[in-house]
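As a plain string of letters, each chain reads:
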Amino acid sequence: MASESDDEFVTLLCTNPNAAEDTETFISTTDIHNWELSAILRCQTVKIQAHRVRLVEQSSYFHGLLSGSFCESNLSCVSIQWNMEVFINVLKCVYGCKVDITSKTFLSLFEAALYFGVESLLLTCKTWFSEASSTKGPGLLEIQVDDLIHIWNFGLEHANDFIPELCASYLARNFMQAISGKFFGDVPYNLLFHCIKHPDLTVYSEMHLADALLVWLTANTERLEPLSKAEDDCTGILNQLRISLLPLWFAAGKRRSCYFTELAEKSMETIFRLLKIPPADSIGIFDDGDLDHLRIRLTEYSKKVNLSGCPQITSVILLLSLLPNSYCVDFMLRKSIRQSLINLERLSANRDQCGSGILHGLPPILSFEGVEEVDISKCPRLHLESTIEIFLKSFPSLRKLRATHLLNFKTTTLHKLMLKCPRISEVDLTIDITPLIPAQVSVISSSPVIVPPLTNKSCFVGNNFLGMASYHSQPSVSNITRLILEGRSDISDLDLQYITGLCVSLKYINLKGCVSVTDTGISNLICRCSKLHSILVCDTSFGINSIQALCSGITSFGPAASDLEKRCSDTLAFKLQTLHIGGCMGVDERSLFDLMSQTQALVSLCLRGTHVVDDALYHFPGSSLEILDISNTMVSGDALAYIVNGNPALKCLNARGCKNLIHQGSNTSGTELSSSYSCRDLYTVLGKKCMLEEIAFGWGFSWLSLLALRPAIMSLRAISVGLGGSLGEDALRLLPTTCPMLESLILCFQVISDAIIINFMRSLRHLQALSLCYCLGDVSTSSFKNSIANLRKLRLERVTPQMTNNDLVVLTQNCASLVEFSLVGCRLLNSDSLRLISQGWPGLISVHLEDCGEVTATGVSYLFNCRALEDILLRHNQKGSPSSWLLSQFNFQPLAKAHIKLHLT
């Protein structure tokens, strides 16, 4: 409450040189709660009547000015040389009003609080900054990185110790969000160093941390002066990395980095040392003194844990990261832990044993309740049963698991995961299917049990395929809503039946390439999972039975249109959002027609290589398509234009291999259509209606087509032009200006030249994948003398027949970031070419060399320097080098062989 002497006033004179109006106003603090800040700030001069005693009591600045022996102490008017808006907020705090603080206003208010000596505002600012910097909620950063940098610098300049500490702590906890911003490169070295050393540093993986540090060093090279200091700073930062936990492919790919060469070599050496130790003997790492370099970074703020691509990771290393650090320091505790982990490794040696009880005898492990997503893809040395047991204890909130490329992850393992981690809702068990040839015959049954033909009754009542009693006797059902089994040729109808008995809430299923499941097995899955809205079954036996299950609300096919609308709204087909049935040859035209006429809500549709015809597209009722793949079908340009006109949200369109696009379509059903289109209208409609991100065309695609598409492809990220398309030199020359954001460019059977390729290399700065296949024209390897740092994938197939080893050296220098490389038809190459490839691109994951002279004449040992290789194709490169001889070399090669695909002919 104000004292009686509050009646004595003093006038505070504030000026605003940036005011919108050249006016003067008078306000009083007696009415401070009703001040309208926007109106006040419009005035150039503001006179504020304030209580003298209140100012003296609440502000050390005014205490010294108005109550001392200075001549100013008797002044009735005091000029304030400070930002008007900030000072008004200072006054509000003096009078007990609430002051709103954000990351943008914190520094100015804190500085004003220090200058005017307003302790209440100082406390408010400190409280806000402490709370804002310790926020645990997801979403946007409470304090933006650029503001954090200003706050850090201010704290150092004014010797406010609490500010730098909170800044480093905040950056550490929000590191993953910070590195994606444009101001990360401006972070001061000391702030970054303290952040990395902070115990709350939260990253998805050690790779993300390493990549971020390399980005920062690249952005700050010129500022790290002199050179000796730059080297010290690089060493100081990069030495904080736990190089034993880097993915193999990442370490291999950074061996040519100017900052990372030495560490990359050390990382590779450490990784392969760990790989040479059998899992049952990996407990020997406990004999080391310091184990921090093997501890995965986990904090109470962790949301995601990404271990993908780390073949050196074992269950011991995972468990080590989940034990309190003090346990690993105490000798006696360490000895007991070692004995317990020996038991764990015995389980790892025998993958058939159950992982239950593996934590028995161990001290309590840490629990990280914030972790919702874990990725253990390509970690073949993990004992999966014991790993699931660890997840149960340490990640009780786990909802998403990626475990791709793990052949030992069987259906029984999935069942254990469902039971042990009841909250899990998304599981990805993808296996690479690129070597598989889609089945051209239907599988009758993929289990020893005879499956009766599908009837409508079986969809609702069930059948005795496995015995419904076995499902009802399960102890619980799973909460899994999204399940990806792509490429799992080991999955049978019996497995599907078992899985769907537990996953009653399944909404998304991906069975792409699951060649062992039958049409009947898929149809049973559809019948059991009534909540399905996404079905991806490309290259499977999906057929008439499955379509009947999707349309099970219809008693007979082919009803009148008006009757259809009344009767299909309750079918699964009506609710589908994603349907991918590319390569499913068991679906006939009539079935496709009936299915398409009921898919009202589709957002993504793949009909690649099916028997779809124009009538099916003309009767498609949807208007929400964003992704459409009708490649290698017989649809016409008219029918496709009809679809595009009704789906303006279309972003991705693949129409390669559609020979009928250049022909006029037909509507044989006799149904009256709202409008008709010609072939040339297709590109006009696309140009006017859509904003495309990815396109693929072939037959009929020309320079005029590209011109018509121009308004729709300004943000295009990927384009593919195949057989039957002819862009011509003019179109290819303008492509970089028309589509400046291109990340992927595929040209097949086009006429190109050196000038065209040079233009691509210079102009497409975002390009990550370039494929030139079977193209004609005057092309030489001089086309690739321009650096393109972001390029990750390069295919040159039958386009550079004159390539020599010297050209290959130039290519490695200008495309230094490649991880996938394919050459076909370069017959001037020799056995030294493999050495140049391995030295130039040590981080290659995939290499294809076909009809390339004598590259394998003396063997393939140079490829062993590409330690992260997973995909190798060597075909028709040297007569007299049998594939058996080449294969014998790979049997002794020092690569991480867990996922390698080898093609030798």
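Anything mentioned here points back to the structure above.
Residues numbered from 1 in each chain as written. Predicted model: local features only at pLDDT ≥ 70, side-chain atom pairs only at ≥ 80, totals over all residues. Heavy atoms only, no water.

Moving on, we come to the overall build of the protein. Secondary structure assignment for the protein yields 36 helices and 24 strands. Taking all 905 residues of the protein together, the buried fraction comes to 53%. A separation of at least 24 residues holds for 74% of the contacts in the protein among residues at least 6 apart in sequence. Only carbon and sulfur atoms are counted for the fraction: they give 52% of the accessible area of the protein, which is about 39200 Å². (Helix = DSSP H or I, 4+ residues; strand = E, 2+ residues; numbered from the N terminus. Buried < 20%, exposed > 50% of the residue type's maximum accessible area, 1.4 Å probe, protein only. Contact = heavy atoms within 4.5 Å. Areas by Shrake-Rupley, 256 points an atom, 1.4 Å probe, with all protein chains shown as cover.)

To continue, consider the side chain of Asn220. Examined against the element boundaries, Asn220 turns out to sit in the loop between helix H11 (206–219) and helix H12 (227–238). Reaching out from Asn220, the side chain makes a polar contact with the backbone oxygen of Trp216 at a distance of 2.7 Å. (Polar contact = N/O pair within 3.5 Å; in protein donor to acceptor, adjacent residues only side chain to side chain.)

A separate point is the packing of helix H7 (residues 145–157) against helix H8 (residues 162–173). Contact geometry of H7 with H8 gives a least axis separation of 8 Å together with a crossing angle of 150°. By the angle between their axes, H7 is roughly antiparallel relative to H8. In this structure, H7 crosses over H8, and the sense of that crossing is left-handed. Counted together, Leu148, Ile151, Trp152, Phe154, Gly155 and Leu156 of H7 and Ile163, Pro164, Cys167, Tyr170 and Leu171 of H8 form the full contact between these two elements. A class-by-class count of the residues in the contact of H7 with H8 yields 10 nonpolar, 1 polar and no charged. (Axes fitted to C-alpha atoms, helices over the stretch in contact; angles between N-to-C directions. Parallel < 35°, antiparallel > 145°, perpendicular 65-115°, else oblique. Left-handed = near helix turned anticlockwise from the far one by under 90°. Nonpolar A, V, L, I, M, F, W, Y, C, P; charged D, E, K, R; others polar.)

Moving on: the pattern of salt bridges. Taken as a whole and assessed by the stated rule, the structure comprises 27 salt bridges. Across the pair Lys420 and Glu389 runs a salt bridge whose closest N-O atoms are separated by 3.4 Å. Taken together, the residues Lys420 in helix H19 (residues 411–420) and Glu389 in helix H18 (residues 384–394) connect sequence positions 31 residues apart. Residue classification places Lys420 among the partly exposed residues on the basis of a relative accessible area of 28%. The salt bridge involving Arg717 is made with Glu693; its shortest N-O contact spans 3.0 Å. You can see Arg717 sitting in the loop between helix H31 (703–709) and strand S17 (718–721) and its partner Glu693 sitting in the loop between helix H30 (679–689) and strand S16 (694–697), a full 24 residues away along the chain. Several salt bridges converge on common partners, so that one network encompasses Lys104, Asp146 and Asp147. (Salt bridge = Lys/Arg side-chain N within 4 Å of Asp/Glu carboxyl O.)

All right, on to empty space enclosed by the protein then. Enumeration according to the criterion identifies 7 cavities of 30 Å³ or more in this entry. A volume near 110 Å³ is recorded for the largest cavity. Val203, Tyr204, Ser205, Glu206, Leu245, Ile296, Arg297, Asn306, Leu307, Cys310 and Ile313 are the residues that line the largest cavity. Looking at the lining of the largest cavity residue by residue, the class counts come to 7 nonpolar, 2 polar and 2 charged. (1 Å grid on protein atoms, 1.4 Å probe; cavity = no way out; pocket = protein on both sides within 12 Å on 5 of 7 lines; lining within 4 Å. Points joined across faces, edges and corners; volume = space filled by probe spheres on them.)

Given a rise of 1.5 Å per residue, 16 residues ought to cover 22 Å, and the 23 Å separating the end C-alpha atoms of helix H14 (residues 261–276) matches this to within 8%. Taken as a whole, H14 has its buried residues at Leu263, Ala264, Ser267, Met268, Thr270, Ile271, Phe272 and Leu274. (Expected span 1.5 Å × (residues − 1).)

Attention now goes to unusual backbone geometry. Excluding glycine, residues mostly carry a negative phi; peptide bonds, for their part, are mostly trans. For Asn632, which is not a glycine, the phi torsion comes out positive at approximately 55°. Positioned with a positive phi, His876 is a non-glycine residue whose angle comes to about 55°. Residue position: His876 is located in the loop between strand S23 (871–875) and helix H36 (883–890).

Across the 5 residues of strand S21 (residues 820–824), 4 count as buried, placing the element largely inside the fold. Relative to S21, strand S20 (residues 793–797) runs parallel, the two being bridged by 5 bridges. When the sheet's bridge partners are listed, Glu797 is paired in S21 with Val824. Viewed along the sheet, the connection from S20 through helix H34 (residues 805–814) into S21 turns out right-handed. When S21 meets strand S22 (residues 846–850), the two strands line up parallel, connected through 5 bridges. (Pairing = 2+ DSSP bridges. Right-handed = clockwise from strand over helix to strand, strands pointing away.)

With mixed pairing, 4 strands are arranged side by side in an open sheet as S2-S3-S1-S4. Where the open sheet ends on each side, the last strands, each with one partner, are strand S2 (21–28) and strand S4 (77–80). Each adjacent strand pair in this sheet contributes to an overall mean axis angle of 20°, direction not counted. Direction of pairing for S2 relative to strand S3 (residues 43–51): parallel, over a ladder of 6 bridges. In the sheet register, Thr25 faces S3, and the bridge partner there is Val46. Across the sheet, helix H4 (residues 84–94) lies against strand S1 (9–15), S3 and S4, angled at about 155° from S1, the strand it touches most.

This part is about a nonpolar patch on the surface. A grouping of Leu723, Phe749 and Tyr774 is seen on the molecular surface, where their side chains present a nonpolar patch of about 300 Å² in accessible area. Secondary-structure assignment places Tyr774 in the loop between strand S19 (769–773) and S20. Look at Tyr774 and you get partly exposed, because its relative accessible area is 39%. (Patch = residues over 30% accessible without salt bridge, like charges linked within 9 Å, V, L, I, M, F, W, Y side chains within 5 Å.)

Another point: the layout of surface pockets. To find the voids left in a structure, one rolls a probe of water-molecule size over its atoms. Here the second largest pocket is characterised by a volume of approximately 760 Å³. Around the second largest pocket, the lining is made up of 28 residues, and of these Gly253, Lys254, Ala789, Arg792 and Ser817 lie nearest the centre. Counting only elements with at least two residues in the lining of the second largest pocket, the list comes to H11, helix H13 (248–253) and H34. Ranked by residues supplied to the lining of the second largest pocket, first place goes to H11 with 5 residues.

To continue, consider the environment of Asp539. Counting through the fold element by element, Asp539 comes out in the loop between strand S11 (534–536) and helix H24 (544–550). The exposure class assigned to Asp539 is buried, which follows from its relative accessible area of 11%. Sequence separation of Asp539 and Met585 is 46 residues, and the distance between their C-alpha atoms is 8.2 Å.

In terms of burial, helix H27 (residues 589–596) is largely enclosed, as 6 of its 8 residues are buried. In this structure, the buried residues of H27 make contact with H24, helix H26 (572–575), strand S12 (578–580), strand S13 (604–606) and helix H28 (614–618).

None of the figures reported here should be taken as evidence of function without further support.
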